[in-house]
Structure formats: structure tokens, C-alpha cells
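Here is how the chains run, residue by residue.
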Amino acid sequence: MAASAGKSAGKISNRKAFHDYTVLERYQCGIELLGTEIKSIREGEVTLTGGFAMVENGEMWLRDVYIKPYVCGNRHNHEPTRPRKLLLHKREILKLDGFVSRDGHALIPLNIHFKRGYAKLELGVCKGKQQQDKRQDLKKREADRSAAREMRR
């Protein structure tokens, strides 16, 4: 598994997205996957870093997400970075397309988790952070840590 994706209890998250982007809204959607892809996801062999979603011909597609080929797969194993269709209602797709058309907004995969046996993707409407925003977040996090440290004493 890649260093930028965290794995805990069946949830694979994109920690770098929270560093590089400000998450404005979150949406949960299904993913159209092949059998070998599900097996690789259950093993935690996914890299969400660098992935994004886009609208094409009225359908939502997930691009540049790496799902490692299944180790025990045969010649019908999947291609690791193939585009995957996201399962959303038409009105949600239109709403998300409106967000993306704004300046500086992107649809970034935040995590993949399982819900009642089905793989679900949490998609975030994100706005890119500037370098100074990242510094402010770091200062705030450090201040929170020191305050928690003082409270424990």
C-alpha cells in the first residue's frame, strides 16, 4: 500500500487530500468494480492520491485511482488505473458538475469503505489550498496539541 493512503478497519483514506485541499462538501457514492478489484480493495491495495472524478456524457467517472492487480488473479485481472464509473443519481451528478465548473474546485476521492458488503467512495468537493493556508493549519494544529498537553498536566 502507498504511504499516502491510510488503512484502518476496512477504510482506505486519502490523507494527502486533506493537506492539499479544503473539503467543502462530502458525497457518498457507489463504484462499479470488477471482482478482482474488490478483492484488492479488501486487502487495502489502493492508492487514492492523485485521483479525481469528472463528469463525461452525463456520467461520473473516477480517474487515476490505482488499485493493485489481485495477486491470485488470472489473465482476466483488471488494469490498475482504468476509469471507473461512479454510481450517483442524475441530480447529484448535475449538482457536482456545477461545483466543478467553478474556479479552483475539484472532486477528490477522500476514502473507500465498505457498507453492508458494498464498496463505497466518499467524494469531496474541494478547493485547493495556498501555501499560507497550509502554514496556518500547521500553526493551529500545533496550538491545539500544546493546549491538550497543558490540560493533561
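For every chain, the first residue of the written sequence is number 1, and numbering continues from 1 onward in sequence order. For a predicted model such as this one, the threshold for reporting local features is a pLDDT of at least 70, and the threshold for listing and counting side-chain atom pairs is 80 or more; totals across whole chains, interfaces and linings nevertheless cover every residue. Each side-chain value is derived from all of the structure's non-hydrogen atoms; neither hydrogens nor water enter the calculation.

Student: Run through the nonpolar core, naming residues and quoting values.
Tutor: Of all hydrophobic cores here, the largest spans 24 residues; its most connected members are Val46, Met60, Leu86, Leu96 and Leu121. Those elements that place two or more of their residues in this core are β3 (21-31), β6 (59-63), α3 (90-101), β9 (105-115) and β10 (118-128). Helix and strand assignments follow DSSP, with helices taken as H or I runs no shorter than four residues and strands as E runs no shorter than two, numbered in order from the N terminus. When residues in this core are grouped by element, the largest group, 4 residues, is from β10. The term nonpolar core refers to a set of buried residues drawn from Ala, Val, Leu, Ile, Met, Phe, Trp, Tyr and Cys, joined through side-chain atoms within 4.5 Å. Three exposure classes are used, based on accessible area relative to the maximum for each residue type with a 1.4 Å probe and protein chains only: buried under 20%, partly exposed in between, and exposed over 50%.

Student: Give a description of the packing of aromatic side chains that names residues and reports values.
Tutor: In this scheme Phe, Tyr and Trp rings, the latter by its six-membered ring, pair at centre separations within 6.5 Å, and the angle between planes marks the pair as stacked below 30 degrees, edge-to-face above 60, and tilted otherwise. Enumeration over the complete set of coordinates arrives at 0 aromatic pairs. Two limits define a charge over a ring: the Lys NZ or Arg CZ must be within 6 Å of the ring centre, and within 35 degrees of the ring normal. Over the ring of phenylalanine 114 we find arginine 42, and its NZ or CZ is 4.3 Å from the ring centre.

Student: Any chance you could break down the pairing of strand β5 (residues 52-56) for me, citing the residues and the numbers?
Tutor: Following DSSP output, two strands are said to pair if at least two bridges run between them. With 5 bridges joining them, β5 and β6 adopt antiparallel strand pairing. Of the residues in β6, the one forming a bridge with methionine 54 is tryptophan 61. As consecutive antiparallel partners, β5 and β6 are separated by 2 residues, and within that stretch asparagine 57 has a phi angle of approximately 55°, a positive value.

Student: For the side chain of histidine 78, give the residues involved together with the corresponding values.
Tutor: With respect to the helices, strands and loops of the structure, histidine 78 is situated in the loop between β7 (66-67) and β8 (84-87). Within 3.5 Å is the distance limit for a polar contact, defined as a pair of N or O atoms, with the added protein rule that one can donate a hydrogen and the other accept it, and that residues adjacent in sequence qualify only through two side-chain atoms. A polar side-chain atom of histidine 78 sits 3.0 Å from the main-chain carbonyl oxygen of isoleucine 67. A polar contact is formed between the side chain of histidine 78 and the backbone oxygen of lysine 68, at a distance of 3.4 Å.

Student: Please provide a residue-by-residue account of the confidence of the model for the protein, values included.
Tutor: In low-pLDDT regions, the fine details of the predicted coordinates are not to be read closely. On a scale of 0 to 100, pLDDT captures the predictor's confidence in every residue. Chain-level pLDDT for the protein is 87 on average; 94% of the residues reach the 70-or-more range. Ranking the helices and strands of the protein by mean pLDDT puts β8 first, with 95, and strand β1 (residues 5-8) last, with 48. Counted against residues more than four places away or in other chains, residues 1-9, with its pLDDT under 50, gives 23 contacts. Two residues form a contact once any of their heavy atoms are found within 4.5 Å.

Student: Give a detailed account of a positive patch on the surface, specifying residues and quantitative values.
Tutor: Taken together, Arg141, Arg145, Arg149 and Arg152 make up a surface patch of like positive charges. Secondary-structure assignment places arginine 141 in helix α4 (residues 131-152). You can call arginine 141 partly exposed: its relative accessible area is 41%. Patches in this entry comprise residues that are over 30% relatively accessible and not in a salt bridge; like charges within 9 Å are linked, as are nonpolar side chains (Val, Leu, Ile, Met, Phe, Trp, Tyr) within 5 Å. Every accessible area reported is derived by Shrake-Rupley at a probe size of 1.4 Å, with residue values counting cover from the shown protein chains alone. Whenever Lys or Arg places a side-chain nitrogen within 4 Å of a carboxyl oxygen from Asp or Glu, that contact is recorded as a salt bridge. The sign given to each residue is positive for Lys and Arg and negative for Asp and Glu; His and the chain ends receive no count. In plain terms, the charge of a residue is placed at NZ if it is Lys, CZ if Arg, CG if Asp and CD if Glu.

Student: Just give me the short version of the side chain of serine 40, but keep the residues and values in it.
Tutor: Structurally, the position occupied by serine 40 is in helix α2 (residues 35-42). Residue serine 40 is classed as buried on the basis of its relative accessible area, which comes to 1%. Not counting residues within four places of it along the chain, the set of residues in contact with serine 40 comprises Glu45, Ile67, Lys68, Pro69, Tyr70 and His78.

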